Amino acid sequence: MIPLRPDLALIAANVAPGSRVLDVGCGDGALMAVLRDQQQVDARGMELDARGVAECVAKGLPVMQGDADTDLADYPDAAFDYAILSQTLQTTKRPDLVLDELLRVGRKAFVSFPNFAHWKVRLSLLWNGRMPVTRLLPVAWYETPNIHHVTVRDFRELVLAKGYRVEGEWFLSGDRPTSAAAAAWRAEHAVFLLAR
Amino acid sequence: MADAAIRIASRELELPMPLPLDGGQILDGVRVAYETYGVLNAEKSNAVVIFHALTGDQCVASPHPITGKPGWWLRMVGPGKPIDTDRLFVICANVLGGCYGSTGPASLASDGHPHAMRFPVITIRDMVRAQVGMLDALGIEQLHAVVGGSMGGMQALSFAANWPDRTRAVLVIASTARHSAQNIAFHEVGRQAIMADPKWAGGDYYGTGKGPENGLAVARMAAHITYLSEEGMHEKFGRKLQDRTEKTFGFDADFQVESYLRHQGLSFTDRFDANSYLYITRAMDYFDLAEEHGGRLADAFGASKARFCLVSFDTDWLYPTAESRTIAHALNAAGAPVSFVELSAPFGHDSFLLDVPALDRVIAGFLGQ
């Protein structure tokens, strides 16, 4: 079996067995399959790309083709124990509203995103004056799906303003954990567990 | 020669019990003609029912009894195919009201004459009820899956809603939970074309050797347009002329698209009964799954424990994606495990019958569980 992407492995490790999960932007269903097979989770998914949905269906995973910006509205309140949004927040039109929706359909929400304040990004801007192209942000500014870049500090501020609670936070640098203290510039990737 | 290896059987049975209909009438001695592919296992747990579409038949993967053409879903059903007959026992029955061996308007009533328009108006649920009777007769308690495209999808939904314990999975392709005003309107054009043909004779044309072929052909032409996409039609025909270099300034089939539709209409009359067309289109028009369940579609699926998969096509304007999405949302609201995907294919509504590799993957994956 192919190991999970590090941020997904982190999320999987922190989802309670037997819970109900909605994975928004579930891709090919790798995380859902692990949650179902190893943690008896009732995992549902949403994915924009038809090929991703087809992959999921082929794995026996229930996945709706849909858009995080518009289609979460179709789920009832508190339908899930967790809503998961991994590496998708920065691609949505209104990340703030998507966050509200996540915490409406899920009692808790995992949100992971690439940190735009990682030192490599900062250096690229500082020295070259150019939008960075890095391992986690590999696409040039004009064709990237990431339309709302966000930093760890920005995200914390939004969560605070919304009055949500941070129940857990994890930071990754080159696929390894890094401390929260230096996360603002050392984390390539952040994972938050939020609650209402 | 892989296809030769399928175990095919053509069968017919008479339901032992009278069939109560939604319209209030009761039909006695209902016959159901069906084909099977593959082998039913000892536990009777590997059966899949495929429901056919409006002008379909039970010959999913066997030659058509009249035209001799290959089965209408041969690309999907067979050994090693997405609906794998090495593993699954596939059953497809001609619908009630049809003209391929199951009881319909052309069958003889108790007075020895064809029912014709004395045949009761039937519903999609009545069609399913007859096929549930067939399953009872075969001793199959629970299906691995029900599968259907278009009207077949309506039957699959009706089966899931009304006999929730009798299938573990439901696959609905290019279908809808209710007929829209536009759907009904197109069907009404077809029915009026048939009934306006003097040879229809109030439906009593059996045995005269001449039915309402012109009317039925026009009905088929109008319907056929709804099965294609504008883009597909343009690609196939454009404004190309048929076997000529100039317009004739007459009303011959100058354009290829006209010639094609005329051919579709005429060849249809060789293989379909006009009265069956009236009854089956009526059944589709009456279909509204939410209405049957107190007006809320989610309530139709409250008792179901089955897995669902809904597939739509981006160029299908007959039963557009929004219809499948509505069903998927209702299933979500009912808490059912449901997948929904809109596939991209250029062939309009007919995409479910044609070469769309992504559909093969979805079907194989969903039924493989």
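As the structure is a computational prediction, the values presented were derived from the model and not from experiment. (Residues numbered from 1 in each chain as written. Chains lettered and ligands numbered in written order. Predicted model: local features only at pLDDT ≥ 70, side-chain atom pairs only at ≥ 80, totals over all residues.)

**Student:** Just checking my understanding: could you explain the overall build of chain B for this structure?
**Tutor:** Each helix and strand counted, chain B has 11 helices and 12 strands in total. On C-alpha atoms alone, chain B measures out to a radius of gyration of 20 Å, which is about the 21 Å that the 2.2 N^0.38 rule sets for 369 residues. On the principal axes, the C-alpha backbone points of chain B span a range of 65 × 50 × 50 Å. Taking contacts inside chain B between residues at least 6 apart in sequence as the whole, the part at least 24 apart equals 71%. (Helix = DSSP H or I, 4+ residues; strand = E, 2+ residues; numbered from the N terminus. Rg over C-alpha atoms; globule rule 2.2 N^0.38 Å. Contact = placed C-beta atoms within 7 Å.)

**Student:** Any chance you could explain the packing of helix H3 (residues 50-58) of chain A against helix H11 (residues 357-367) of chain B here in plain terms?
**Tutor:** Each packed pair of helices is defined by two parameters, the angle between the axes and the distance between the axes. Interaxial distance between H3 of chain A and H11 of chain B falls to 7 Å at its minimum, and their mutual angle equals 25°. The angle between the axes of H3 of chain A and H11 of chain B places the two elements in the roughly parallel class. For the pair H3 of chain A and H11 of chain B, the contacting residues are Ala50, Ala54, Val57 and Ala58 of chain A in the first and Ala358, Arg361, Val362, Gly365 and Phe366 of chain B in the second. (Axes fitted to C-alpha atoms, helices over the stretch in contact; angles between N-to-C directions. Parallel < 35°, antiparallel > 145°, perpendicular 65-115°, else oblique.)

**Student:** What's the story with the interface of chain B and chain A in this structure? I'm lost.
**Tutor:** In many analyses, interface size is given as the accessible surface area lost on bringing the parts together. Residue-level contacts link 20 residues of chain B with 15 residues of chain A. Going through the elements one at a time, strand S11 (307-313), helix H10 (321-333), strand S12 (338-343) and H11 of chain B are the ones with two or more residues in the side of chain B that touches chain A.

**Student:** Would you explain the domain arrangement of chain B in this entry?
**Tutor:** Residues and elements named next belong to chain B. What the domain assignment reports for chain B is domain 1 (2-179 + 289-367) and domain 2 (183-281). Computed from C-alpha coordinates alone, the two centres of domain 1 and domain 2 are separated by 25 Å. Classifying every residue of the side of domain 1 that touches domain 2 gives 15 nonpolar, 9 polar and 1 charged. (Domains from an automatic or database assignment. Nonpolar A, V, L, I, M, F, W, Y, C, P; charged D, E, K, R; others polar.)

**Student:** Help me understand the confidence of the model for chain B, please; the structure alone is not making it clear to me.
**Tutor:** Note: predicted coordinates in regions of low pLDDT should not be interpreted at a detailed level. Predicted confidence across chain B gives a mean pLDDT of 95, with 98% of residues reaching 70 or more. Model confidence for the complex is summarised by a pTM of 0.92, with the ipTM given as 0.84. (pLDDT = per-residue confidence, 0-100.)

**Student:** What's the story with the pairing of strand S9 (residues 145-149) of chain B in this structure? I'm lost.
**Tutor:** Regular strands show a simple pattern: their side chains alternate between the two faces of the sheet. Residues and elements named next belong to chain B. Across the 5 residues of S9, 5 count as buried, placing the element largely inside the fold. Burial of the side chains of S9 extends over both faces: Ala145, Val147 and Gly149 are buried on one face and Val146 and Gly148 on the other. Summarising the sheet, strand S5 (residues 47-51) and S9 pair through 4 bridges and their orientation is parallel. Looking across to S9, one finds that Phe51 is bridged to Gly148. Bridge count between S9 and strand S10 (residues 169-173): 4 bridges; the pairing is parallel. Bridge assignment links Val146 to a residue of S10, and that residue is Val170. Between S9 and its parallel partner S10, the chain crosses via helix H2 (residues 151-162), and the hand of that crossover is right-handed. (Buried ≥ 20, exposed ≤ 12 C-beta atoms within 10 Å, placed from the backbone. Pairing = 2+ DSSP bridges. Right-handed = clockwise from strand over helix to strand, strands pointing away.)

**Student:** Just to check I follow, could you spell out unusual backbone geometry for this structure?
**Tutor:** One can expect most non-glycine residues to show negative phi and most peptide bonds to be in trans. Phi at Ala174 of chain B is positive, roughly 45°, even though this residue is not glycine. Relative to the assigned elements, Ala174 of chain B resides in the loop between S10 and helix H3 (181-196).

**Student:** Is there a simple way to think about the environment of Asp42 of chain A in this case?
**Tutor:** On the secondary structure map, Asp42 of chain A appears in strand S2 (residues 42-47). C-alpha separation for the pair Asp42 of chain A and Phe80 of chain A, spaced 38 residues apart in sequence, amounts to 9.3 Å.

**Student:** Looking at this structure, how should I read the nonpolar core?
**Tutor:** Nonpolar side chains tend to gather and get buried jointly when the protein is soluble and globular. All names here are of chain B. Counting 170 residues, the largest nonpolar core has Val48, Val90 and Leu171 as its most contacted members. Looking at which element gives the most residues to this core, the answer is helix H7 (residues 274-286), with 8 residues. Looking at which domains feed residues into this core, each of domain 1 (2-179 + 289-367) and domain 2 (183-281) supplies at least three. Every residue in contact with Leu171, bar those within four places of it in the chain, is listed here: Ala145, Val147, Ala156, Cys309, Ile363 and Phe366. (Core = buried A, V, L, I, M, F, W, Y, C linked by C-beta atoms within 7 Å.)

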